[in-house]
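Coordinates in review
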Amino acid sequence: MLVSKTWVQAVALVMLFGFTVMGLLAFRTYTDSMPQPERVVDPTGQEVFSGDDITAGQQIFLRRGLQQYGSIMGHGGYLGPDWTADYLRRSAEYALADIEASGAPDPQAALVEEFRTNRYDEQSGDLEWTELQVEAFEANQQHYAEYFGSVTTQYGLIPEAITDPEEIHQLTAFFGWTAWAAAAERPDLPYSYTNNWPPEPLVDNSPTADVIVWSVLSLVALLVGTGALFAVYGRWSRKLGWHGEEAPSISFTQPDDVGITPAQRATAWFFFVVAALFLLQTLVGAAAEHYRAEVGDFFGFDLAQLLPFNLARTWHVQLALFWTVASFLAAGIFLSPFVSGREPRRQHWLTYGLLAAVALVVAGSLTGEALSIHGVDWAKGSPLFDQQWEYLDLPRVWQVLLSAGLFIWIIIIFRAIRTRLKTESRVNMPWLFFFAGLAIPAFYSVGMLAGTDTHLTVAEFWRFWVVHLWVEDFLELFTTVMVAYIFVMLGVVRQRIALGVIFLDVILYSVGGVIGTMHHLYFSGTPVEHMALGAFFSALEVIPLTFLTVEAWSFLQLGSRQEASSTSPFPHRWAVMFLVAVGFWNFLGAGVFGFLVNLPIVSYYQIGTALTSNHAHGAMMGVYGMMGVGLALFALRYLIPERLWPDTLAKISFWSLNIGLAWMLFATLLPLGVVQLYHSVSEGYFEARTLAFVTEPGNAALEWLRMPGDLIFMIGGVLPFLWIAWLGVRHTRAATTLDVPIEALYTELEPAGSQASRPESTSYGSDARVGELDLRASEQSRWRSERRDDEGQGDG
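An account of the accompanying structure is given in this report. Since the model is a prediction, treat every value here as computed from it, not as a measurement. (Residues numbered from 1 in each chain as written. Predicted model: local features only at pLDDT ≥ 70, side-chain atom pairs only at ≥ 80, totals over all residues. Heavy atoms only, no water.)

**Observations regarding the pattern of salt bridges**
Let me state the cut-off plainly: The term salt bridge refers to a pairing of a side-chain nitrogen on Lys or Arg with a carboxyl oxygen on Asp or Glu at a separation within 4 Å. By the criteria applied, helices consist of DSSP H or I runs no shorter than four residues and strands consist of E runs no shorter than two, each listed in order from the N terminus. Burial status follows relative accessibility: with a 1.4 Å probe on protein chains alone, a residue under 20% of its type maximum counts as buried, one over 50% as exposed, and anything between as partly exposed.
For the coordinates displayed, the defined rule picks out 21 salt bridges. Salt-bridge contacts for E687 lead to R89; the nearest nitrogen and oxygen are separated by 2.7 Å. In this pair, E687 is assigned in helix α21 (residues 685-688) and R89 in helix α3 (residues 83-101), connecting sequence segments 598 residues apart. Residue E687 is classed as partly exposed on the basis of its relative accessible area of 23%.

Listed below in structure tokens is the structure:
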């Protein structure tokens with residue numbers, strides 16, 4: 001075992017603590033979230049709407065993609081209103097006008113009493129509304145009938161999106177229930193079920209003491225944690241992080257001299273599909289962005305007739321997940337033979353089968369979402385077509401198939417490396433590679449607990465296990481393991497150092513990342529402890545990102561130090577540059593921009609604004625997008641013959657993607673988010689989320705400023721990457737025989753006459769010494785010659 005038991009015990013303790021707390025919070029979510037009444041009745045006991053109407057309205061809301069247009073309780077799209085805040089404001093204004101007309105001495109106090117009094121009877125399950133609340137419901141019902149029944153595309157939706165009176169009634173019931181929970185006070189507490197969110201002075205919704213106190217304590221936690229990090233790093237800096245002082249002088253094996261297996265060869269098609277999906281994602285993203293600049297016109301074409309905003313955003317979000325995860329899957333398959341040293345037979349057929357399954361899920365889910373949003377009658381209610389929660393938009397059948405596909409992927413990985421696992425300690429690199437991969441399907445599958453008929457708060461709890469815990473913790477872990485393994489394979493660092501980095505990152509990410517998931521649920525109807533723990537621990541998430549920034553220079557120097565001492569050129573400059581970019585955007589996009597929106601007091605006013613989008617783009621594209629491209633370039637460097645490798649295109653793609661992303665954030669999303677936040681604080685959250693404010697001339701000008709960056713991103717970044725991926729398909733190098741062990745990516749050099757000890761590892765997945773390689777030098781030479789002859793014939 002190459003790592004201390006202390007590391008293992010520390011990881012176990014952190015995970016045990018984190019998931020124990022998450023289990024307790026899950027219990028509290030089920031037992032003390034905002035209640036969904038069996039019936040909502042008027043003062044005479046007559047039913048206004050039922051609990052079944054609320055659930056049906058929630059399903060309509062999801063099916064028609066309205067969470068990708070506007071938001072509910074702050075979560076969702078950014079073009080439409082927040083329906084909770086919208087219903088609450090319209091109801092309050094209606095009731096206030098009626099109270100004023102009645103001549104009440106203090107209309108404002110009467111309005112606050114009307115909305116904040118909790119008339120829910122837990123025993124019967126009935127919620128009684130006053131006459132004014134019932135009249136406001138009917139007025140809102142009429143408003144939403146006109147809104148969703150509009151014959152034009154002025155809102156960015158399809159014409160006559162929802163016209164069925166029963167569906168309008170159910171949808172209004174769903175909105176009305178969330179608005180009631182936003183104003184009605186919890187029993188024996190001075191704040192509402194949503195911690196007084198949204199900000200609405202008409203009903204006396206203002207920041208609670210918990211919002212302010214936990215914001216302050218979050219800052220204290222960040223400062224103390226950062227100080228502790230630097231103290232530990234200063235004391236043990238030579239034992240923590242990336243450092244290559246012990247790395248030997250090596251000679252990099254050039255890509256043409258490294259044998260590739262049939263399964264590795266099959267991943268060329270995987271990476272081409274990744275690049276094609278990336279291009280499609282940017283195109284629909286550009287269409288969605290244009291709605292914020294010109295909501296009713298797309299360069300003279302009425303785009304919303306075919307591709308309304310909610311469909312464009314649905315596809316944009318889904319494709320972002322599809323292509324990045326597909327790149328991770330392909331990279332895992334590509335690296336597996338390097339881990340084991342050999343490849344089992346028929347592995348390439350399994351790889352092609354997995355690719356076909358991924359293509360089927362992508363095509364089926366995107367088609368289903370289009371039919372669902374367009375409201376095709378025969379598709380309504382089908383698990384093949386009904387859209388689900390934001391980020392988990394896939395209809396249920398495709399979600400199940402995707403989960404199954406991820407488990408099949410880890411079986412493929414296990415099949416490739418099982419012989420190596422038998423010889424290794426369970427805390428060494430091969431097992432960590434397997435465990436990190438296993439977490440991907442395991443934690444994605446948790447999202448299936450959030451069904452379209454699940455209580456809103458419960459669904460949000462499980463949904464964010466995927467949105468946050470799966471993406472920001474376990475994909476991050478798999479990323480760390482793969483990067484570390486690549487550097488070990490290249491001979492840049494010793495396996496012991498890589499293991500230390502992995503265990504340290506697991507601890508640092510999980511200390512804040514697991515419980516920090518709850519920062520998404522501040523205002524979703526959960527008890528206040530979700531806010532307290534979510535705020536405190538999410539602040540700690542910035543600490544590992546600070547550590548990565550401190551270590552960025554060491555990481556960047558690893559390859560250059562070895563290249564300077566190597567007798568052959570380093571073949572992965574641009575792949576490593578993308579990994580360096582991952583570190584930069586991890587700190588800025590995920591860390592700085594994430595912390596900006598995670599403080600409860602900031603989130604209270606900004607949730608659902610462009611600042612959220614700013615963080616999402618900086619983190620998703622900056623971290624996982626750059627990682628996906630970097631892994632693809634690493635693999636394609638071996639798949640494409642040296643004479644055809646387009647190094648200049650890789651360079652152009654790197655700089656264009658990073659410049660384009662920075663332009664997008666700093667020219668548009670960040671300034672627009674600050675403007676929207678200021679407007680929310682000064683004028684009101686409802687006002688900041690209106691379509692009129694979002695598309696006003698000044699904000700529209702900021703949206704147009706984004707276009708040059710988007711063009712740089714797509715033309716200079718995505719298209720070169722697509723061409724490189726196409727070269728990987730068109731000119732894939734010939735595969736080697738499976739009976740021949742895979743060659744090392746490097747060879748250690750020894751000074752003349754030196755009897756220095758041999759390296760830890762000179763072949764993939766092996767701690768054997770140089771003299772123990774299965775192939776003699778003469779056999780390797782003949783093997784390389786035969787491969788080149790085969791490639792020359794194939795390329796013709």
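**Topic: the packing of helix α10 (residues 347-373) against helix α11 (residues 396-421)**
To keep it simple, the criterion reads: An axis is simply a line fitted to the C-alpha atoms; with a helix, the fit covers only the stretch in contact. Between two such axes, the angle follows the N-to-C directions and lies from 0 to 180 degrees. Angular relationships are summarised with four words: roughly parallel below 35 degrees, roughly antiparallel beyond 145, roughly perpendicular across 65 to 115, and oblique for the angles in between. Each helix crossing is assigned a hand: it is left-handed if the near helix lies turned anticlockwise from the far helix by less than a right angle, otherwise right-handed if that turn is clockwise. For this analysis, residues touch if any pair of their heavy atoms sits within 4.5 Å. Ten residue types, Ala, Val, Leu, Ile, Met, Phe, Trp, Tyr, Cys and Pro, are classed as nonpolar, four, Asp, Glu, Lys and Arg, as charged, and the remainder, Gly among them, as polar.
Orientation of α10 relative to α11, taken along the N-to-C sense of each, is 165°, at an axis distance of 10 Å. Classed by the angle they form, the pair α10 and α11 counts as roughly antiparallel. Like other packed secondary-structure pairs, α10 and α11 cross with a definite hand, here left-handed. Here Q347, L350, T351, L354, L360, V361, G364 and S365 of α10 come into contact with α11, specifically with W398, L401, L402, G405, W409, I412, R415 and A416. Its residues assigned to classes, the contact of α10 with α11 shows 10 nonpolar, five polar and one charged.

**A few points about the packing of aromatic side chains**
Threshold: Between rings of Phe, Tyr and Trp, where Trp is taken as its six-membered ring, a pair exists when centres lie within 6.5 Å; planes separated by under 30 degrees are stacked, by over 60 edge-to-face, and by other angles tilted. Lysine NZ or arginine CZ positioned within 6 Å of the ring centre and within 35 degrees of the ring normal marks a charge as sitting over the ring.
According to the stated counting rule, one finds 63 aromatic pairs in the structure shown. Between F19 and F443 the ring centres are 5.8 Å apart and the planes differ by 40°, which places this aromatic pair in the tilted class. Of the two residues, F19 sits in helix α1 (residues 5-32) while F443 sits in helix α12 (residues 429-445), which places them 424 residues apart along the sequence. For F19, a relative accessible area of 23% puts it in the partly exposed group. By relative accessible area, which is 16% here, F443 ends up buried. Sitting over the face of the ring of Y78, R313 holds its NZ or CZ atom 4.7 Å from the ring centroid. Across from the ring centre of W431, 4.6 Å away, lies the NZ or CZ of R426, which sits over that ring.

**Observations regarding the pairing of strand β2 (residues 47-50)**
For clarity, the threshold we go by: Pairing between strands requires that DSSP locate at least two bridges from one strand to the other.
Judged from the three bridges that link them, strand β1 (residues 39-41) and β2 form a sheet pairing that is antiparallel. Each bridged residue has a counterpart across the sheet, and for R39 the counterpart in β2 is S50. The hairpin formed by β1 and β2 contains five residues between the paired strands, and G45 there has a positive phi angle of roughly 95°.

**Considering the packing of α1 against helix α13 (residues 456-489)**
At a minimum axis distance of 10 Å, the contact between α1 and α13 shows a crossing angle of 160°. Judged by the inter-axis angle, α1 sits roughly antiparallel to α13. Considering only the axes of α1 and α13, their crossing is right-handed. Along the contact surface, α1 presents M15, F19, M22, L25, A26, T29 and Y30, while α13 presents T457, V458, F461, W462, W465, L469 and F474. Classifying every residue of the contact of α1 with α13 by side-chain character gives 12 nonpolar, two polar and no charged.

**Looking at unusual backbone geometry**
Cis peptide bonds are those with omega within 30 degrees of zero, and the linkage from W197 to P198 qualifies with 5°. Phi is positive for E160, close to 50°, though the residue is something other than glycine. Along the polypeptide, E160 turns up in the loop between α5 (131-148) and α6 (165-183). Under the relative-accessibility criterion, E160 is labelled partly exposed at 46%. Although it is not a glycine, R346 sits at a positive phi angle of roughly 65°. Its place among the elements puts R346 in the loop between α9 (309-340) and α10. Relative accessible area serves as the criterion here: at 56%, R346 is assigned to the exposed category.

**Side note on the sheet that holds β2**
Strands sit in the order β2-β1-β6-β5 across an open sheet of four strands; the sheet is mixed. For this open sheet the edge positions go to β2 and β5 (120-121), each flanked by a neighbour on one side alone. Docked against the sheet, helix α2 (residues 51-63) engages β1 and β2, running at close to 50° with respect to β2.

**Overview of the nonpolar core**
This is how it is decided: Buried Ala, Val, Leu, Ile, Met, Phe, Trp, Tyr and Cys residues form a nonpolar core when they are joined through side-chain atoms within 4.5 Å.
Core analysis: the largest hydrophobic core is formed by 237 residues, its most contacted members being F148, F175 and F433. Among all residues touching F433, those that are not within four sequence positions of it are G332, L335, S336, V339, I413, I417, F478, V481, M482 and Y485.

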